[in-house]
Amino acid sequence: MRTQLAIRIDSFLERYFPERRVFLRSDKDTRFIRLRPLVQLFAFSGAALVVAWSIIATAILLMDSIGAGNFREQAKRDQQTYQSRLNFISVQRDTRAEEALAAQERFNSALQQISLMQSELLASETRRREMETGIEIIQNTLRSAMNERDDARDQLAAIAQAQENGGAVQVAGINSSSNALGLITQALAETAAERDKVVADAQFALNQAAEMEERIALMKDQNDQIFRQLEEAMTVSVKPLDRMFRAAGMNTDSLLKQVRRGYGGQGGALTPLSFSTRGEEPSSAERRANRIIRELDRLNLYRLAASKAPFANPVKAGYRFTSPYGYRRDPKTGGRRMHNGVDFAGPVGTPLYATADGIVTHAGWSSGYGRLVKIQHEFGIETRYAHQNQIRVKVGQRVSRGQRIGDIGASGRVTGPHLHYEVRVGGQAVNPMIYIKAANDVF
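Keep in mind the model is a prediction, meaning the values are calculated, not measured. (Residues numbered from 1 in each chain as written. Predicted model: local features only at pLDDT ≥ 70, side-chain atom pairs only at ≥ 80, totals over all residues. Heavy atoms only, no water.)

Enquirer: Can you walk me through the packing of helix H4 (residues 252-261) against helix H5 (residues 284-308) in this structure?
Expert: In helix packing, the relevant descriptors are the interaxial angle and the interaxial distance, both defined with respect to the helix axes. The N-to-C vectors of H4 and H5 enclose an angle of 85°; their axes lie 10 Å apart at closest approach. Taken together, the axis directions place H4 and H5 in an arrangement best described as roughly perpendicular. Residues Thr252, Leu255, Leu256, Val259 and Arg260 of H4 touch H5, and the partners they reach there are Asp297, Arg298, Leu301, Tyr302, Leu304 and Ala305. Of the residues contributing to the contact of H4 with H5, the split by class is seven nonpolar, one polar and three charged. (Axes fitted to C-alpha atoms, helices over the stretch in contact; angles between N-to-C directions. Helix = DSSP H or I, 4+ residues; strand = E, 2+ residues; numbered from the N terminus. Parallel < 35°, antiparallel > 145°, perpendicular 65-115°, else oblique. Contact = heavy atoms within 4.5 Å. Nonpolar A, V, L, I, M, F, W, Y, C, P; charged D, E, K, R; others polar.)

Enquirer: Just checking my understanding: could you explain the pairing of strand S1 (residues 20-25) for this structure?
Expert: Remark: a regular strand shows side chains that alternate across the two faces of the sheet. Relative to strand S2 (residues 30-35), S1 runs antiparallel, the two sharing six bridges. When the sheet's bridge partners are listed, Arg20 is paired in S2 with Leu35. (Pairing = 2+ DSSP bridges.)

Enquirer: Can you help me understand the nonpolar core in this one?
Expert: Counting residues in each nonpolar core, the largest one holds 42 residues, and the members touching the most others are Phe245, Met250 and Phe311. With six residues, H5 is the single largest residue contributor to this core. Those residues in contact with Met250, other than ones at most four positions away along the chain, are Phe245, Leu255, Phe311, Phe379, Ile381 and Tyr435. The next biggest cluster of nonpolar side chains, apart from the first, holds ten residues, and it includes Ile114, Leu121, Phe227 and Ala285. (Core = buried A, V, L, I, M, F, W, Y, C linked by side-chain atoms within 4.5 Å. Buried < 20%, exposed > 50% of the residue type's maximum accessible area, 1.4 Å probe, protein only.)

Enquirer: Got a minute to help me understand the packing of aromatic side chains in this structure?
Expert: Any pair of aromatic rings gets described here by the distance separating the centres and the angle formed by the planes. This structure, assessed with the given rule, holds four aromatic pairs. Across from the ring centre of Tyr353, 4.6 Å away, lies the NZ or CZ of Lys316, which sits over that ring. (Phe/Tyr/Trp six-rings, centres within 6.5 Å; stacked < 30°, edge-to-face > 60°. Lys NZ or Arg CZ within 6 Å of the ring centre and 35° of its normal.)

Enquirer: How do you make sense of the environment of Ile9 when you look at a structure like this?
Expert: Positionally, Ile9 belongs in helix H1 (residues 2-16). What makes Ile9 partly exposed here is its relative accessible area of 42%. For the pair Ile9 and Leu38, spaced 29 residues apart in the sequence, the C-alpha separation amounts to 9.1 Å.

Enquirer: What exactly am I supposed to notice about H4 here?
Expert: Note that an α-helix has 3.6 residues per turn; residues three or four places apart therefore point the same way. Buried residues of H4: Thr252, Leu255, Leu256 and Val259, and no others. An end-on view of H4 places all buried positions within 95° of arc, on one side of the element. Turned more than 90 degrees off the buried face of H4, the exposed positions are Lys257 and Arg261. (Arc of directions from axis to C-beta.)

Enquirer: Which parts of the structure should I look at to understand the confidence of the model for the protein?
Expert: Low-pLDDT stretches of the model should not have their predicted coordinates read in fine detail. Here the protein averages 77 in pLDDT, while 82% of its residues score no lower than 70. Low confidence marks residues 168-174, where pLDDT is under 50. Its contacts with residues over four positions away, or in another chain, come to zero contacts. For the stretch residues 265-269, pLDDT sits under 50, and the model shows three contacts to residues farther than four places along the chain or on other chains. (pLDDT = per-residue confidence, 0-100.)

Enquirer: Looking at this structure, I do not really get the pattern of salt bridges. What am I missing?
Expert: Side-chain pairs of opposite charge can arise whenever the charged atoms involved come near each other. For the structure shown, the criterion picks out four salt bridges. Its salt-bridge partner being Asp407, residue Arg392 comes within 2.8 Å of it at the nearest N-O pair. Of this pair, Arg392 sits in the loop between strand S10 (381-391) and strand S11 (398-399) while Asp407 sits in strand S12 (residues 404-408); the two residues are 15 residues apart in sequence, bridging distant segments of the chain. Accessibility expressed as a relative area gives 3% for Asp407, which makes it buried. One salt bridge connects Glu422 with Arg424, and the closest N-O pair in it is separated by 3.0 Å. The exposure class assigned to Arg424 is buried, which follows from its relative accessible area of 13%. Each member of the salt-bridge network shares a partner with another, and the members are Arg392, Arg404 and Asp407. (Salt bridge = Lys/Arg side-chain N within 4 Å of Asp/Glu carboxyl O.)

What follows is the structure in structure tokens.
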């Protein structure tokens, strides 16, 4: 059975791979090698496999080359898109900076207008009180004059009755009666003149009172308009500041109490108005004025707190925001580590500014940070400005928000020139963008 199967296979292979002999001839003899059909099949299969493997490997290399070219082109396109996006963001940042400056100017102008309106309000309230006092004096004078007029009438009636009684009893005293009559006539004339004067004074006082009432009504309307403008100005000025501090995660009530306790500016806190010394209930105007004064005091405290918290941007010239707060890949070790601040890339020498009022606690070299400046602010806040090229402040120096403290550099552990900016509250690092974004709509 096996022999028949082998014969069939050989006969089938003989059709495509007939037996061949390869002769090897030398000087002395001649030899040959017999290539059976099965051996030829194996040789052909091996050659086919080698050729197929070569074709597949070549195709794979070509596909890799084409894919690498496409990847490079895509990388170039992504880089161009990223660069365009960075340019667009830079333009937007500059626009927002200009809008912030304009908002700051509007804020300062509103404060000046509020101060002027407050002065006008106090002056108008003083005039109103003076007018009310004048009206009261005029009314007292009028009542006194009317009482004197009534007394004069009573005296005149008594004299007239005494004259009638005297004429009935004593007829002989005509001369003395004539003298008495002359005195009575003179007294009556003086009384009539005094009465006319009192009536004229009373009419004048009534006219003055009516005029003053009109002026008081006009002043009330003006005061009401001033109050409305002041209340609207307070609402527009205080609410954005309140939102800014709340967005930064700060408790506004405890914040204002702390600022009030440590207040050291001129003038002190604003005190409520009181125009009455009789213990009377304050009027509606006084209550509105006191509400506005409380809001002005709150606004002033917010202004002081805003200057002591890092709500400003440390870089004002052209820069790129290159690294956010949070975990990121370490370019040297390849692992992930916590990035406790934000990075602003820019040319070497770009000015750096303090983001709030404070005292410099460190100004020198620090491992990893390079040239580092630390500033201690109120409310337990500290800011750090690392990798500087040149430091322009000293330890113990008191700085103000917007004061230049150094320049962007590449000192310390860096891959390029940039500012590493940190904000720490109670020693713990927080995201600086919380403060910067919170102030975008205010400053």
